[in-house]
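# Reading the structure
This is what each chain is made of:
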Amino acid sequence: MALVLYGGELAAEIAERVVGAAKGAGLTAEATNMSDFKKCKLGEEPQTVVFIVQSVENDEPPETAGSCIRFIKRKTNAADMFGKMKFSVLGLGDSNLLLDRQTTTAQDCNKVGQALDKRIAELGGTRICDIGLADERTGLTEVEPYLETLIPALKEALA
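Described in the following lines is the structure provided in the data block.

Quick notes on the rules
- Residues numbered from 1 in each chain as written.
- Predicted model: local features only at pLDDT ≥ 70, side-chain atom pairs only at ≥ 80, totals over all residues.
- Heavy atoms only, no water.
- Helix = DSSP H or I, 4+ residues; strand = E, 2+ residues; numbered from the N terminus.
- Expected span 1.5 Å × (residues − 1).
- Buried < 20%, exposed > 50% of the residue type's maximum accessible area, 1.4 Å probe, protein only.
- Contact = heavy atoms within 4.5 Å.
- Phe/Tyr/Trp six-rings, centres within 6.5 Å; stacked < 30°, edge-to-face > 60°.
- Core = buried A, V, L, I, M, F, W, Y, C linked by side-chain atoms within 4.5 Å.
- Salt bridge = Lys/Arg side-chain N within 4 Å of Asp/Glu carboxyl O.
- Axes fitted to C-alpha atoms, helices over the stretch in contact; angles between N-to-C directions.
- Parallel < 35°, antiparallel > 145°, perpendicular 65-115°, else oblique.
- Left-handed = near helix turned anticlockwise from the far one by under 90°.
- Polar contact = N/O pair within 3.5 Å; in protein donor to acceptor, adjacent residues only side chain to side chain.

Glancing now at helix α1 (residues 9-24). For α1, with 16 residues, the first-to-last C-alpha span of 23 Å sits near the 22 Å given by 1.5 Å per residue. Listed in full, the buried residues belonging to α1 are L10, A11, I14, A15, V18, V19 and A22. Buried residues in α1 make contact with β1 (2-7), β2 (29-33), β3 (47-54), β4 (85-93) and α4 (143-158). Looking one or two residues past α1, G26 carries a phi angle of roughly 85°, positive in sign.

Put into structure tokens, the structure is as follows:
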């Protein structure tokens, strides 16, 4: 089963799309709010996890994702904490919130997703596909190509 952990209202909508696409491909998937991450026992057993997280003002996670992000970022975590985890991250941001809107891209407004992706890999997680970075200013057009890569990667990871 694939676990889809989401943080933020927009992330919840995209998580439901991921679950629907996974089920359409014959996979089992479940969406869970990052505020409930403790019940998911991250790192305790083999898991395939898709993290979908928004970056809000000042490159911060949404309130509902804060405790999960802080847990993952702890400096005291074991170096192989996520050694049994296969994962992917989709970052959702809005470059309209940045001061220099004319030259910004999805990469500039997705600091939370990028930091999460890097940290999970540092803790031994195995990426199943490249990080996805989407920007509300462009209508989140980057989500569909990410899903087209993610679903086959999930199939392979869950096989």
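Moving on, there is more to tell.
Our next topic: the packing of aromatic side chains. This model, assessed by the stated rule, comprises 1 aromatic pair. Aromatic side chains F37 and F71 sit 5.1 Å apart centroid to centroid with 40° between the ring planes, which places their arrangement in the tilted category. Of this pair, F37 sits in the loop between β2 and β3 while F71 sits in helix α2 (residues 63-73), placing them 34 residues apart in sequence. Neither F37 nor F71 differs from the other in exposure class; each is buried.

For the rest of this paragraph, the subject is the nonpolar core. If you look at the biggest cluster of nonpolar residues, it comprises 28 residues, and the most contacted ones within it are I52, L92, V143, L150 and L154. A total of 8 residues in this core trace back to one element, the largest contributor, which is α4. Grouped together as the second largest cluster of nonpolar side chains are 23 residues, L42, A65, F87 and V112 included.

On to the environment of L150. Turning to its location among the elements, L150 is positioned in helix α4. Since its relative accessible area comes to 0%, L150 is described here as buried. For the pair L150 and G132, spaced 18 residues apart in the sequence, the C-alpha separation amounts to 9.2 Å. Aside from chain neighbours lying at most four places away, what touches L150 is V18, V50, S88, I128 and C129.

Going through the model one piece at a time under the given rule, you end up with 3 salt bridges. Salt-bridge contacts for E144 lead to R17; the nearest nitrogen and oxygen are separated by 2.5 Å. Of this pair, E144 sits in helix α4 while R17 sits in helix α1, placing them 127 residues apart in sequence. For E144, a relative accessible area of 39% gives the class partly exposed. Under the relative-accessibility criterion, R17 is labelled partly exposed at 37%.

This next bit is on unusual backbone geometry. Not every positive phi belongs to a glycine, and K41 is a case in point at roughly 55°. Residue K41 is classed as partly exposed on the basis of its relative accessible area, which comes to 42%.

At a minimum axis distance of 10 Å, the contact between α2 and helix α3 (residues 111-122) shows a crossing angle of 40°. Classed by the angle they form, the pair α2 and α3 counts as oblique. In terms of crossing hand, the pair formed by α2 and α3 is left-handed. Touching I69, I72 and K73 of α2 are V112, A115, L116, R119 and I120, all from α3.

For D80, the position within the fold is in the loop between α2 and β4. Separated by 37 residues in sequence, D80 and G43 place their C-alpha atoms 8.8 Å apart.

Quick look at the side chain of Q54 now. Within the element layout of this structure, Q54 appears in strand β3. Reaching out from Q54, the side chain makes a polar contact with the backbone nitrogen of L10 at a distance of 3.0 Å. A polar side-chain atom of Q54 sits 3.3 Å from the main-chain amide nitrogen of A11. Apart from the residues lying within four places of it in its own chain, the contact partners of Q54 are G7, G8, E9, L10, A11, E60, P61, P62, L92, V112 and E136.

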